[in-house]
Amino acid sequence: MPLSPGTIAPGSALGTAISAYRTCELATLAKDGTPVAWPTSGLLRADGTIMLTTSLGYPQKAFNVRRDPRVALLFSDPTASGLTQPEQILVRGTAQCPDEVHTEPTGDLGVFWAQMFQRQPACRKYLDWPATSVTDFYFMRLLITVTPTEVTTRPLPPTTGAGAASVDGGSLVGAEVLAAYPSVVLAARDAAGAPLLVRTTATAGADGYRVVVPDGVDPAEGAATLLVHRHDEQLWNLHNANVRGELVRGADGWTLRPGRLVEPAARHEPRLTDSLRTVRTTRAATRRYLDRRGWPRPTVPWAAYRALRP
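Everything numeric here is computed off the predicted structure, so don't read it as measured data. (Residues numbered from 1 in each chain as written. Predicted model: local features only at pLDDT ≥ 70, side-chain atom pairs only at ≥ 80, totals over all residues. Heavy atoms only, no water.)

## Quick notes on the environment of Asp291
Counting through the fold element by element, Asp291 comes out in helix H5 (residues 272–293). The exposure class assigned to Asp291 is exposed, which follows from its relative accessible area of 54%. For the pair formed by Asp291 and Val65, sequence separation is 226 residues and the distance between their alpha carbons is 21 Å. (Helix = DSSP H or I, 4+ residues; strand = E, 2+ residues; numbered from the N terminus. Buried < 20%, exposed > 50% of the residue type's maximum accessible area, 1.4 Å probe, protein only.)

Here it is in structure tokens:
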């Protein structure tokens, strides 16, 4: 539904629910138009906009927003939210991401970091040596402001305990990963090409994943993704993965024909070599971002961040 003033402002029913969620799914449009969704955390501002951030080590969502500002946010994983009757909340709108690097934890960014240190205790370890010698990129942030234009709520899919797997689906791309999850987030486009999101269920079959599309959700055929992700009560033990492919409509419903699996980290306990590889990759991405603009590496005010720790 179109937004009326104050619909998701802090203190409103929807605003309170949105602020309780630890994560949301963000869908942006890749260069080829593919809707790409990943989990993120944000902050609902007093004016009803939603602030998201991304580090220089993971700038792709910022690049996508600058190329096409149409985005969708879905609040649909109620883990640790404390909500007694959670719904999935879809927020669609436009986003902007100025090419400015923020390292000072002041204003809304300071509120965001204080919230993260409270909700995700494990990230406090990045504030002390020797972590500070290699993870400064994590505190070099680009700010994404989402201005909502419409919001929709609908029930979460029933939890059956069964994942998107079947005997027929064993050879499908991503089948083993999706099998660990009772629901998926479908990222698709509407008739106008804007991204949309819905948490639903999918079942593997012989030629793809049969996706349940609820009434009132109208995706267009074409490029789409299935996102799965999880976190624990302390916003840790993270995992996320995308199965990307083509969404097609048949006489018996919708099917996503998978093309490739994008899984940034292993599902199981990470190895030290995995962590070292991630640090090298993100530091290299940070260096490229700064070098291409001729910018010096910013200094992170560690004492200011430590002052925000509970």
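This is not the end of the story, as more comes after the structure.
## Some thoughts on the side chain of His231
Looking at the element boundaries, His231 is found in the loop between strand E12 (222–230) and strand E13 (239–250). Apart from residues lying up to four places away in sequence, His231 is in contact with Arg22, Thr23, Asp77, Thr79, Trp236, Asn237 and Leu238. (Contact = heavy atoms within 4.5 Å.)

## Some points on the packing of aromatic side chains
Within the structure shown, the criterion is met by 12 aromatic pairs. Residues Trp113 and Tyr305 carry aromatic rings whose centres are separated by 5.8 Å and whose planes lie at 85 degrees to one another, so their mutual orientation is edge-to-face. Of the two residues, Trp113 is situated in helix H3 (residues 107–119) and Tyr305 in helix H6 (residues 302–306); the sequence distance between them amounts to 192 residues. Every member of this aromatic cluster is reached through a ring pair, and the members are Phe112, Trp113, Phe117, Tyr126, Tyr138, Phe139, Trp302 and Tyr305. Sitting above the plane of the Tyr138 ring, Arg141 keeps its charged end 4.8 Å from the centroid. (Phe/Tyr/Trp six-rings, centres within 6.5 Å; stacked < 30°, edge-to-face > 60°. Lys NZ or Arg CZ within 6 Å of the ring centre and 35° of its normal.)

## Let's talk about the sheet that holds strand E8 (residues 184–189)
In spatial order, the strands read E9-E8-E12-E13-E14-E11-E10; together these 7 strands make up an open sheet with antiparallel pairing. Both edges of this open sheet fall to strand E9 (195–200) and strand E10 (202–204), since each of them pairs with a single strand only. Each neighbouring strand pair of the sheet contributes to a mean axis angle of 30 degrees, computed without reference to strand direction. Two strands pair when backbone bridges link them, and strand E11 (residues 209–211) and strand E14 (residues 253–262) are joined in this way by 3 bridges, in the antiparallel orientation. Counterpart to Val211 in the pairing with E14 is Trp254. (Pairing = 2+ DSSP bridges. Axes fitted to C-alpha atoms, helices over the stretch in contact; angles between N-to-C directions.)

## Let's talk about the nonpolar core
With 27 residues, the main nonpolar core has Ile50, Leu52, Leu73, Phe75, Ile89, Val91 and Val146 as its most contacted residues. Among the elements of the structure, helix H1 (13–20), strand E1 (24–29), strand E4 (50–55), helix H2 (60–67), strand E5 (70–75), strand E6 (88–96), strand E7 (141–154) and H5 are those that each provide at least two residues to this core. By residue number, the principal contributor to this core is E7, which donates 4 residues. Excluding residues within four positions of it along the chain, Phe75 makes contact with Ile18, Tyr21, Thr23, Cys24, Glu25, Ile50, Glu87, Gln88, Ile89 and Val91. Among the nonpolar cores identified, the runner-up in size contains 24 residues, and Ala224, Ala241, Trp254 and Leu256 belong to it. (Core = buried A, V, L, I, M, F, W, Y, C linked by side-chain atoms within 4.5 Å.)

Everything listed here is a matter of geometry and, on its own, says nothing about what the molecule does.
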